[in-house]
Amino acid sequence: HTKTKYSCWKNGELVSADQAVVSIYDHGLLYGDGCFEGLRFYHRHPFRLDRHLARLRRSLSALAITVPYTDDTLAQAVMACIASSGMGDGYLRILVTRGEGDMGLNPRNCTAPNVFIIPASLSLVSDETRRQGVSLITSSIKRAVGTGLDARVKSLNYLHSVLARAEANAAGVDEAILLNQFGQVAECSAENIFVVKAGSLLTPPVQDGALEGITRETLLELAPQQGLEAREQSLTSYDLYTAEECFICGSGARLIPVKTIDGRQIAQCPGPVYQRLSLAYKALIDDECGEKRQ
Ligand code: PMP
């Protein structure tokens, strides 16, 4: 990620990055009261924007925030940001805060939500990392289910993820896995997780504390087309340690193979299922966002 130098969209207008600011009384800043989306674009075409907008709507519904823009307006705003950035390939954040209120947390006192679209350059993980794989630890931070905010809401409260990633940093590894309070695997700090067991592709159900990742969903659709059995299944640390393959995935990361988890070597890294799905995912991006489409 780099700090953006590109024009941003704020509440209906393209403005310079310096003007894309909020009041100190914005409840996104004061209370993490808001939600967001992160997506990539390729050849100036956003990948699966409709699904990202649908997930944004679900987050907004869960938080009872009403934005005065239709999906069409937001999609046009996304296209305007991409065009103005001059980038062919890049990353976009769509962010909604509850808006400006007073110092108290009561959402009733917020007048109108603030909606931002922020383009950024975001490089892909190096070929070397994709060849070698990444190392993970299991975080002590739990992704609690059924006790508070549903993990399916992509809210501005990312402190669980931030603290988990800090633990990964302290341990000298690349990323951290969050379990739920029952010891079931949820996801990583900013990616969903898959394993291959007895030749089948498995990922935790979202009810175990995972975000409804668009990359995750895309891979579950691609797998059967590749002749692979894929299903949602609750997983424990034991299932990860004994997997034939493991990889993590997200819009930013795409697919990254996992080499070690808590010091255990994963049998195959990168494994054949990862390689097949990686190619299929790349082909899908070319198909949906490739130069031929322009
Ligand atoms: N889990 C979390 C906590 C995330 O922040 C992300 C990134 N948005 C993902 C999973 C992956 O989701 P997606 O494939 O939609 O980017």
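Since the structure is predicted, the reported quantities are computational estimates derived from the model, not experimental observations. All chains use their own residue numbering, which begins from 1 and follows the written sequence. With the structure being a predicted model, the display of local features is reserved for residues of pLDDT at least 70 and the display and counting of side-chain atom pairs for 80 or more, all residues being used for whole-chain, interface and lining totals.

**Re the site of the ligand**
- The full set close to the ligand counts 13 residues, and Gly213, Ile214, Thr215, Gly250 and Ser251 are the nearest of them.
- Helix and strand assignments come from DSSP, with helices taken as H or I runs of at least 4 residues and strands as E runs of at least 2, each series counted from the N terminus. It is helix α6 (residues 214-225) that provides the largest number of residues to the shell around the ligand, a total of three residues.
- Here the residues of the shell around the ligand are counted per class, giving three nonpolar, seven polar and three charged. Near residues are defined by distance alone, with the backbone-placed C-beta atom required to lie within 6 Å of the molecule or strand. Here the nonpolar group is Ala, Val, Leu, Ile, Met, Phe, Trp, Tyr, Cys and Pro; Asp, Glu, Lys and Arg are the charged ones; every other residue, Gly included, is treated as polar.

**Overview of the pairing of strand β3 (residues 34-42)**
- Buried, partly exposed and exposed are defined by the number of other C-beta atoms within 10 Å of a residue's own C-beta, namely 20 or more, between the two limits, and 12 or fewer respectively, with C-beta atoms placed from the backbone. In terms of residue burial, β3 counts as a mostly covered element, since seven of its nine residues are buried.
- With eight bridges connecting them, β3 and strand β5 (residues 90-97) associate as antiparallel partners. Counted as the bridge partner of Gly38 is Arg93 from β5.
- Only strands joined by at least two bridges in the DSSP assignment are considered to pair. Taken together, the two bridges between β3 and strand β4 (residues 45-46) define a ladder with antiparallel strand orientation. Among the inter-strand pairings, Phe41 is bridged to a residue of β4, identified as Pro46.

**Digging into the environment of Val115**
- When you line up the elements, Val115 lands in strand β6 (residues 114-120).
- Residues Val115 and Lys10, spaced 105 residues apart in sequence, show a C-alpha to C-alpha distance of 5.7 Å.

**A word on the sheet that holds β5**
- The six strands lie next to each other as β2-β1-β6-β5-β3-β4, forming an open sheet whose pairing is antiparallel. Each edge of the open sheet carries a strand with a single partner, namely β2 (13-15) and β4.
- Contacts from helix α2 (residues 49-63) reach β3, β4 and β5, with the element oriented near 175° to β3.
- The contact criterion used is a C-beta to C-beta distance within 7 Å, with each C-beta placed from the backbone. Lines are fitted to the C-alpha atoms to define the axes, a helix being fitted only along its stretch in contact, and any angle between axes, read from their N-to-C directions, falls within 0 to 180 degrees. Against the sheet, helix α3 (residues 71-85) touches β1 (8-10), β2, β3, β4, β5 and β6, its axis set at about 35° to β6.

**Remarks on the environment of Gln19**
- Structurally, Gln19 can be placed in the loop between β2 and α1 (27-31).
- The class of Gln19 is exposed, set by 11 C-beta atoms lying within 10 Å.
- Distance from Gln19 to Ser7, taken between C-alpha atoms, is 9.1 Å for residues 12 residues apart in sequence.

**Considering unusual backbone geometry**
- Here the bond from Cys269 into Pro270 is cis, since omega is -10°, no more than 30 degrees from zero.
- By the secondary structure assignment, Pro270 is in the loop between β15 (264-265) and α8 (272-289).
- You will see that Ala64, though not glycine, has its phi angle at about 55°, which is positive.
- Secondary-structure assignment places Ala64 in the loop between α2 and α3.
- Ala64 gets classed as exposed once you count the C-beta atoms within 10 Å, which come to 8.
- Look at Arg254: it is not a glycine, yet its phi comes out positive at around 60°.
- Note that Arg254 resides in strand β14 (residues 254-261).
- Of the residues examined, Arg254 has 19 C-beta atoms within 10 Å and is grouped as partly exposed.

No statement about biological role is implied by the geometric values presented.
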